[in-house]
Amino acid sequence: PPAMSRRVVRQSKFRHVFGQPVKADQMYEDIRVSKVTCDSSFCAVNPKFVAIIVESGGGGAFIVLPLAKTGRVDKNHPLVTGHTAPVLDIDWCPHNDNVIASASEDTTVMVWQIPDYVPVRNITEPVVTLEGHSKRVSIISWHPTARNVLLSAGCDNLVILWNVGTGEMLLALDDMHTDLIYNVGWNRNGSLLVTTCKDKKVRVIDPRKQQIIAEKTKPHDGTRPIRAIFVADGKIFTTGFSRMSERQLGLWDLNNFEEPIALQEMDTSNGVLLPFYDADSSIVYLCGKGDSSIRYFEITDEAPYVHYLNTYSSKEPQRGMGFMPKRGLDVSKCEIARFFKLHERKCEPIVMTVPRKSDLFQDDLYPDTPGPEPALEADEWLSGKDADPILISLRDGYVPIKNRELKVVKKNILDSKPPPGPRRSHSTCDSDYFSPALEEVLEEIRALKETVQAQEKRISDLENKLCQFTNGTD
């Protein structure tokens, strides 16, 4: 009967997701957000910190604030200032909440250890500096499952993979891109990369085989930049522009890259759409630089495959956007995403929530999600092993781990020779277990020694001055 053919509303627990900015006192105010023209997101967040690229005279800097330190930021708040030219991209290590990497116009990548306490002075010494690009470096991205593997891509059309733990270059993908690289994304287990490029091609690359395994020319006909990310089941989601300069989104299957699974027009705004993807809910959020809205879509196996959910709108345009990993969300409030929207002088968290009446843990909203433990070591990954992220439950919320030191052991040619004298066996598990605590104690002793030396010098200086005044009389 005709009555039966009426369109039934699609069932989805995410149909009513809504966005809300936090209250005014929960924002981060008085931050001089960088004005560099670059399509990076300018902001990186994790369960402990929010980091934002800022204006800095004559060098490159970013600010790191503990998440709880909302309100007005002290104008003397220390910055991370090691680069000699503007910082273009920052990314927190997924396996250590105190480690962040930065890429700069000065052609270097630097990796920093951020203490849990707020330091007194600027942080100027990176744990390691990675040098290998010949032009500015505008993209960095940590490997999702292997410890200490970091990707960088520069304006020299070069993609480099580094082992941060040794400071050495693992792989350089140099003959693959004929023009400027727009963005690079890992798949879920870090076995493949997807890249977009000014030559209008989307490439899927096996970095260890140094092979392009699939490519698509002009997924969007327009000339403006394209973005691409991996979504569930190895499909690829793209944003770009039509020939008529309308913004588009596309969904593609690697096994049939010729025809899109979905291609939808949106509007005629000219900002590049940055896609943020949550694998647990299969929602992709689109944030345009210069837009004042966040649109979000659910990706499913049913036509039309990319389902529009809603738009969060505001009055102020966004200069950049941070996206909290799932383990940093408040599960008791049914929060399924949190954005950190950059304005000219402030950072405003925006919370995405699924309305639920119950106060109990909603396990259908929170499947187990990637935790902070890496699944592989760098050399295991390089030798060809793959592993999915190690998942954790959010049932009782996530408690960030205390600061863990990033150790960089530079390879030494002498290391390959057998050590002279009798081999002393030592249990690796014991030394590993105690090393972070030991490191902290040693660090403290070092700091105390420096303080004592400084005080001694100061005392002797004062004694000398006193001698001059008293001129030897008692």
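Described in the following lines is the structure provided in the data block. Computed from a predicted structure; not experimentally measured. (Residues numbered from 1 in each chain as written. Predicted model: local features only at pLDDT ≥ 70, side-chain atom pairs only at ≥ 80, totals over all residues. Heavy atoms only, no water.)

## Quick look at the overall build of the protein
Okay, step 1: Each helix and strand counted, the protein has 2 helices and 32 strands in total.
Okay, step 2: The C-alpha atoms of the protein give a radius of gyration of 25 Å, which matches the 23 Å a tight globule of 474 residues would have.
Okay, step 3: Taking the principal axes of its C-alpha atoms as reference, the protein extends roughly 115 × 55 × 45 Å.
Okay, step 4: A buried classification covers 49% of the 474 residues belonging to the protein.
Okay, step 5: For the protein, long-range pairs separated by at least 24 residues make up 52% of all intrachain contacts whose partners lie at least 6 apart in sequence.
Okay, step 6: Within the structure as shown, the protein displays about 24500 Å² of accessible surface, and the carbon and sulfur contribution to it stands at 51%.
Okay, step 7: Here the protein contributes 58 positively and 65 negatively charged side chains, and the mean placements of these two sets differ by 4 Å. (Helix = DSSP H or I, 4+ residues; strand = E, 2+ residues; numbered from the N terminus. Rg over C-alpha atoms; globule rule 2.2 N^0.38 Å. Buried < 20%, exposed > 50% of the residue type's maximum accessible area, 1.4 Å probe, protein only. Contact = heavy atoms within 4.5 Å. Areas by Shrake-Rupley, 256 points an atom, 1.4 Å probe, with all protein chains shown as cover. Lys, Arg positive; Asp, Glu negative; His and termini not counted. Charge placed at Lys NZ, Arg CZ, Asp CG, Glu CD.)

## A word on the pattern of salt bridges
Okay, step 1: Overall, the coordinates contain 25 salt bridges when judged by the stated rule.
Okay, step 2: Among the ionic pairs, E377 bridges to R147, the shortest N-O distance being 3.0 Å. One end of the pair, E377, is in the loop between β31 (369–370) and α1 (378–382); the other, R147, is in the loop between β12 (137–142) and β13 (149–154), and 230 residues separate them in sequence.
Okay, step 3: Classification of R147 by relative accessible area gives partly exposed; the value is 32%.
Okay, step 4: One salt bridge connects R404 with E373, and the closest N-O pair in it is separated by 3.2 Å. Separated by 31 residues along the polypeptide, R404 in the loop between β32 (391–392) and α2 (428–470) and E373 in the loop between β31 and α1 bring together distant segments of the chain.
Okay, step 5: We classify E373 as partly exposed; its relative accessible area is 35%.
Okay, step 6: Through salt bridges with shared partners, a single network forms among D199, K201, R203 and E215. (Salt bridge = Lys/Arg side-chain N within 4 Å of Asp/Glu carboxyl O.)

## Points about unusual backbone geometry
Okay, step 1: Across the junction of A303 and P304, the peptide omega takes the value 0°, indicating a cis bond.
Okay, step 2: Phi is positive for S245, which is not a glycine, with a value near 65°.
Okay, step 3: Note on placement: S245 falls in the loop between β21 (236–241) and β22 (247–252).
Okay, step 4: When its relative accessible area of 40% is taken as the criterion, S245 is described as partly exposed.

## Digging into the pairing of strand β19 (residues 211–217)
Okay, step 1: In this sheet, β19 lies alongside strand β18 (residues 201–206) in antiparallel orientation, the contact comprising 6 bridges. For D206, the partnering residue across the bridge sits in β19 and is Q211.
Okay, step 2: Here β18 hands over to β19 after 4 residues, with Q210 in that stretch at a positive phi of 55°. (Pairing = 2+ DSSP bridges.)

## So, the side chain of D278
Okay, step 1: Among the secondary structure elements, D278 is positioned in strand β24 (residues 273–278).
Okay, step 2: Within polar-contact distance, the side chain of D278 engages the backbone nitrogen of D280 at 3.1 Å.
Okay, step 3: For D278, the residues in contact, after removing those within four places along its chain, are I283, F323, K326 and I336. (Polar contact = N/O pair within 3.5 Å; in protein donor to acceptor, adjacent residues only side chain to side chain.)

## Describing the sheet that holds β19
Okay, step 1: Read across the sheet, 4 strands follow the order β16-β17-β18-β19 without closing on themselves; strand pairing throughout is antiparallel. Edge strands, defined here as strands with exactly one partner in the open sheet, are β16 (181–186) and β19. When the angles between neighbouring strand axes are averaged without regard to direction, this sheet yields 20°. (Axes fitted to C-alpha atoms, helices over the stretch in contact; angles between N-to-C directions.)

## Describing the packing of aromatic side chains
Okay, step 1: Taken as a whole, this structure holds 13 aromatic pairs when the rule is applied.
Okay, step 2: Here F49 and W92 contribute two aromatic rings whose centre-to-centre distance is 5.4 Å and whose plane-to-plane angle is 15°, an arrangement assigned as stacked. Residue F49 is found in strand β4 (residues 49–54), and its partner W92 is found in strand β8 (residues 87–92); the two are separated by 43 residues along the sequence.
Okay, step 3: Owing to a relative accessible area of 3%, F49 belongs among the buried residues under this scheme.
Okay, step 4: Here the aromatic rings of F62 and W112 are separated by 6.3 Å at their centres, their planes lie at 80°, and the arrangement is edge-to-face. Note that F62 is positioned in strand β5 (residues 60–66) and W112 in strand β10 (residues 108–113), a separation of 50 residues in sequence.
Okay, step 5: Here F62 falls in the buried class, since its relative accessible area comes to 0%.
Okay, step 6: Connected via pairs of aromatic rings, a cluster forms that spans F276, Y285, Y296, F323 and F339.
Okay, step 7: Taking NZ or CZ as reference, R224 lies 5.1 Å from the ring centre of F241, over its face. (Phe/Tyr/Trp six-rings, centres within 6.5 Å; stacked < 30°, edge-to-face > 60°. Lys NZ or Arg CZ within 6 Å of the ring centre and 35° of its normal.)

Distances and angles like these do not, on their own, reveal function.
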